[in-house]
Amino acid sequence: MHIDIPEGQEPIGYVWAEMVPGIGMAAANFSLSVYEHTTLGLREFEAARLRIAQINGCLFCLDWRTERDGQKVEEEFADAVTQWRTTDAFDDRTRLAAEYAERYALDHHGLDDEFWTRMTAHYSQHEIVELSMSIGSWLAFGRLNHVLGLDAVCVLPTH
């Protein structure tokens with residue numbers, strides 16, 4: 001870890017809420033909003049989220065699985081995300097979500113007319129904006145936690 005955390009403090013909570021409360025709490029609220037207010041299906045949401053986690057290398061994000069109404073994606077889903085181009089486990093929307101996340105993170109200047117034609121054939125403008133904001137959140141905060149070394153010391157909540 002690259003930030004000193006006082007004994008007994010939870011690392012992410014301390015860094016985000018104690019060290020920079022004005023910024024950290026706003027960031028936390030944005031991050032939580034992505035999960036609380038999404039209209040996207042669980043599979044496309046998780047395909048994009050996990051692709052960003054894979055690219056960022058955020059250990060916490062890689063272990064996390066979004067749960068909705070007691071449902072999570074299957075165990076093999078993360079492997080399918082890695083193989084989003086060829087997997088037969090994805091429908092068109094899920095495959096596009098993984099592709100968009102990857103291109104957003106690695107080649108946002110390369111999002112050409114051909115891509116947008118495919119994207120708008122499967123997603124509404126509202127969904128594209130929502131997915132874009134979600135990917136932005138995961139990209140920024142997953143990288144922040146990984147760069148500072150917080151991802152290696154975070155503990156997944158127990159249910």
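Predicted model only: the values in this text are computed from it and were never measured. (Residues numbered from 1 in each chain as written. Predicted model: local features only at pLDDT ≥ 70, side-chain atom pairs only at ≥ 80, totals over all residues. Heavy atoms only, no water.)

Colleague: Could you give an account of the overall build of the chain, with specific residues and numbers?
Modeller: Within the chain, the secondary structure is distributed over 8 helices and 0 strands. Computed over its C-alpha atoms, the radius of gyration of the chain comes to 16 Å, within 12% of the 15 Å expected for a compact globule of 159 residues. Looking at the chain residue by residue over its 159 residues, the buried ones come to 43%. At a minimum sequence separation of 6, the contacts of the chain that also span at least 24 residues come to 66%. Accessible surface, the chain as shown: approximately 8900 Å² in total, 55% of it carbon and sulfur. (Helix = DSSP H or I, 4+ residues; strand = E, 2+ residues; numbered from the N terminus. Rg over C-alpha atoms; globule rule 2.2 N^0.38 Å. Buried < 20%, exposed > 50% of the residue type's maximum accessible area, 1.4 Å probe, protein only. Contact = heavy atoms within 4.5 Å. Areas by Shrake-Rupley, 256 points an atom, 1.4 Å probe, with all protein chains shown as cover.)

Colleague: Let's hear about a nonpolar patch on the surface: which residues, and what values?
Modeller: A cluster of nonpolar side chains, contributed by Met 19, Val 20 and Ile 23, occupies part of the molecular surface with about 280 Å² of accessible area. Structurally, Val 20 can be placed in the loop between helix H1 (11-19) and helix H2 (21-36). (Patch = residues over 30% accessible without salt bridge, like charges linked within 9 Å, V, L, I, M, F, W, Y side chains within 5 Å. Salt bridge = Lys/Arg side-chain N within 4 Å of Asp/Glu carboxyl O.)

Colleague: Summarise the side chain of Glu 130; cite the residues concerned and give the values.
Modeller: Looking at where Glu 130 falls in the secondary structure, it is placed in helix H8 (residues 125-147). Put simply, Glu 130 is tucked away with no salt bridge, and the nearest opposite charge, on Arg 68, sits 6.5 Å away. Reaching out from Glu 130, the side chain makes a polar contact with the backbone nitrogen of Leu 40 at a distance of 3.5 Å. For Glu 130, the contacting residues outside a window of four places in its chain are His 37, Thr 38, Thr 39 and Leu 40. (Lys, Arg positive; Asp, Glu negative; His and termini not counted. Polar contact = N/O pair within 3.5 Å; in protein donor to acceptor, adjacent residues only side chain to side chain.)

Colleague: Explain the nonpolar core to me, and be specific about the residues and the numbers.
Modeller: Counting 30 residues, the largest nonpolar core has Met 119, Tyr 123, Leu 131 and Ile 135 as its most contacted members. The set of elements that each furnish at least two residues to this core consists of helix H3 (42-56), helix H5 (77-82), helix H6 (92-106), helix H7 (113-122) and H8. Excluding residues within four positions of it along the chain, Leu 131 makes contact with Leu 40, Ala 48, Ala 97, Tyr 100, Met 119 and Tyr 123. Membership of the second largest hydrophobic core comes to 8 residues, among which are Trp 16, Ala 27, Ala 28 and Leu 150. (Core = buried A, V, L, I, M, F, W, Y, C linked by side-chain atoms within 4.5 Å.)

Colleague: Now, about the environment of Glu 67: what can you tell me, with residues and values included?
Modeller: As for its position among the elements, Glu 67 is in the loop between helix H4 (59-63) and H5. Along the sequence, Glu 67 and Ala 140 sit 73 residues apart, while their C-alpha atoms lie 22 Å from each other.

Colleague: Now, about the pattern of salt bridges: what can you tell me, with residues and values included?
Modeller: One pass over the full model with this rule turns up 11 salt bridges. When the shortest N-O distance is used, the salt bridge between Glu 99 and Arg 118 registers 2.7 Å. Here Glu 99, found in helix H6, pairs with Arg 118, found in helix H7; they are 19 residues apart in sequence, far enough to count as distant. Residue classification places Arg 118 among the partly exposed residues on the basis of a relative accessible area of 27%. Where Asp 112 meets Arg 103, a salt bridge forms, and the shortest distance between an N and an O atom there is 3.8 Å. Looking at Arg 103, the relative accessible area reads 16%, which means it is buried.

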